[in-house]
Amino acid sequence: KGIVNSPTFTILKTYQGDKTLYHLDLYRLNDVGNDFDLEDYINAENGFAVIEWPHQVDQLLPKKHVEIKLTFINDDTREIEVSSHNVTDEWEANI
């Protein structure tokens, strides 16, 4: 266990555990042509990717994915919305 910070300036941070977590922050990307081989991390079989600003690379997102939307309400409150796309209810077991 540890702190997970946003990789805003490095684009990618990797965390090792039972499965590898690839944490991507794509806010600064504006074109898939600058994707730094992101498919390797997004589709990794040995782990899973968590992507901030995923719609910067919509074309690279797998058809099966889970989206978590965080909405700022105030300094102490966030709204969390979880939706799955083309996946079964068993997706949680794969994390």
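Residues numbered from 1 in each chain as written. Predicted model: local features only at pLDDT ≥ 70, side-chain atom pairs only at ≥ 80, totals over all residues. Heavy atoms only, no water.

Draft legend 1. Here's a closer look at the environment of Gln56. Relative to the helices and strands, Gln56 resides in the loop between strand 3 (47-52) and strand 4 (65-74). For the pair Gln56 and Arg28, spaced 28 residues apart in the sequence, the C-alpha separation amounts to 8.6 Å. A distance of 3.0 Å separates the side chain of Gln56 from the backbone oxygen of Tyr27, its partner in a polar contact. (Helix = DSSP H or I, 4+ residues; strand = E, 2+ residues; numbered from the N terminus. Polar contact = N/O pair within 3.5 Å; in protein donor to acceptor, adjacent residues only side chain to side chain.)

Draft legend 2. Structural context of the nonpolar core. Listed in full, the ten residues of the largest apolar core are Ile11, Leu24, Leu26, Leu29, Leu38, Ile42, Ile51, Val57, Leu60 and Leu61. Once residues lying within four places of it in the same chain are set aside, the contact partners of Leu26 are Ile11, Leu38, Ile51, Glu52, Trp53, Gln56 and Val57. (Core = buried A, V, L, I, M, F, W, Y, C linked by side-chain atoms within 4.5 Å. Buried < 20%, exposed > 50% of the residue type's maximum accessible area, 1.4 Å probe, protein only. Contact = heavy atoms within 4.5 Å.)

Draft legend 3. Focus on the packing of aromatic side chains. Scanning all chains against the criterion turns up two aromatic pairs. Seen from their ring centres, Tyr22 and Tyr41 are 5.3 Å apart, and the 55 degrees between their planes marks the pair as tilted. Of this pair, Tyr22 sits in strand 2 (residues 20-25) while Tyr41 sits in helix 1 (residues 39-42); the two residues are 19 residues apart in sequence, bridging distant segments of the chain. In this structure Tyr22 comes out as buried when scored by relative accessible area, which is 10%. Tyr41 gets classed as partly exposed once you look at its relative accessible area, which sits at 28%. (Phe/Tyr/Trp six-rings, centres within 6.5 Å; stacked < 30°, edge-to-face > 60°.)

Draft legend 4. A look at unusual backbone geometry. At Trp53, a residue that is not glycine, the phi angle is positive and equals roughly 60 degrees. In this structure, Trp53 sits in the loop between strand 3 and strand 4. On the accessibility criterion, Trp53 (48% relative accessible area) is partly exposed. If you check the backbone angles, Asn86 has positive phi at about 60 degrees while not being a glycine. On the basis of relative accessibility, which here comes to 61%, the residue Asn86 falls in the exposed class.

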